[in-house]
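# Structural features, examined
Take a look at the letters that make up each chain.
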Amino acid sequence: QVPLVESGGGMVQAGGSLRLSCAASGRTFSSDARGWFRQAPGKEREFVAAISGGGGVTDYADSVKGRFTISKDNAKNTVYLQMNSLKPEDTAVYYCAASLTVTTMKSGTRFGSWGQGTQVTVSS
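As a starting point, this report considers the structure included with it.

Cut-offs and rules
Residues numbered from 1 in each chain as written. Predicted model: local features only at pLDDT ≥ 70, side-chain atom pairs only at ≥ 80, totals over all residues. Heavy atoms only, no water. Helix = DSSP H or I, 4+ residues; strand = E, 2+ residues; numbered from the N terminus. Buried < 20%, exposed > 50% of the residue type's maximum accessible area, 1.4 Å probe, protein only. Lys, Arg positive; Asp, Glu negative; His and termini not counted. Salt bridge = Lys/Arg side-chain N within 4 Å of Asp/Glu carboxyl O. Polar contact = N/O pair within 3.5 Å; in protein donor to acceptor, adjacent residues only side chain to side chain. Contact = heavy atoms within 4.5 Å. Pairing = 2+ DSSP bridges. Axes fitted to C-alpha atoms, helices over the stretch in contact; angles between N-to-C directions. Phe/Tyr/Trp six-rings, centres within 6.5 Å; stacked < 30°, edge-to-face > 60°. Lys NZ or Arg CZ within 6 Å of the ring centre and 35° of its normal.

Here the focus is the side chain of Lys72. Here Lys72 is to be found in strand 7 (residues 68-73). For Lys72, which is buried and forms no salt bridge, the nearest opposite charge comes from Asp32, at a distance of 7.9 Å. In terms of polar contacts, Lys72 uses its side chain to reach the backbone carbonyl oxygen of Asp32, at 3.4 Å. Within the structure, the side chain of Lys72 is placed 3.2 Å from the side chain of Asn74, a separation counted as a polar contact. Sequence-distant contacts of Lys72, defined by excluding residues within four places in its chain, comprise Ser30, Asp32, Arg34, Ile51, Ser52, Gly53, Gly55, Thr78 and Val79.

Now the structure itself:
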C-alpha cells in the first residue's frame, strides 16, 4: 500500500479554519475511497469523513457535519479536509486512510498502516 502523508495541521483559535492535505507518495487506485480519522489525547481514534473514489459519495461524523468538507483531486493523488468553525474539541492528531468504499472506511476497515498524522490544536 502506498504511504499516505498528511499535512496542513496547526494551531488556530476557536471559530477558525484549516485545510488538511493527504498526498499519496506513489501510484494509487483512483477507485479507492479516501478518508480522515482523528485521535485526541486519551481517546480512541475516530472516523471523521470519507469520500468515494469518484468523489460522488461522502460521509461525515455527526460531530463535524456542516463544518468540515472532504474533497479529492485524483490528478494530484491528494485528498483534502476543509475544516471551518473549529472548536476546541476538534483538537487531535488527524490521519488519512484509504479503503475500498466509504462504508468500509467508516467501519474502520482500511488499507495499510497509519501515517504520522498532522496535529490540529484549537484554542478557546
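Quick look at the side chain of Thr118 now. Tracing the chain through its elements places Thr118 in strand 10 (residues 118-123). We classify Thr118 as buried; its relative accessible area is 9%. Side-chain polar atoms of Thr118 contact the backbone nitrogen of Gly9, separated by 2.9 Å. Residue contacts for Thr118: discarding those within four places in its chain leaves Glu6, Ser7, Gly8, Gly9, Leu20, Ala92, Val93 and Tyr94.

A few words now on unusual backbone geometry. Despite not being glycine, Asn77 shows a phi value in the positive range, around 55°. Residue class for Asn77 comes out partly exposed when judged on its relative accessible area of 21%.

Take the sheet that holds strand 8 (residues 78-83) next. If you trace the four strands from one edge of the open sheet to the other, you get 1-3-8-7, paired in antiparallel fashion. The two strands at the open ends of the sheet, each matched to only one other strand, are strand 1 (4-7) and strand 7. When strand polarity is set aside, the average angle formed by the axes of neighbouring strands in this sheet is 15°. When strand 7 meets strand 8, the two strands line up antiparallel, connected through six bridges. In the strand pairing of strand 8, Lys72 is matched with Val79.

Moving on, we get to the packing of aromatic side chains. Following the criterion strictly, the structure yields three aromatic pairs and no others. Judged by centre distance (5.8 Å) and plane angle (80°), the ring pair of Phe37 and Phe47 falls under edge-to-face. Note that Phe37 is positioned in strand 4 (residues 33-39) and Phe47 in strand 5 (residues 46-51), a separation of 10 residues in sequence. These aromatic residues form a ring-pair network of at least three members: Phe37, Phe47, Tyr95 and Trp114. Its guanidinium or amino end placed over the ring of Tyr95, Arg45 lies 4.3 Å from that ring's centre, counting from NZ or CZ.

Geometric values such as these leave the question of function open.
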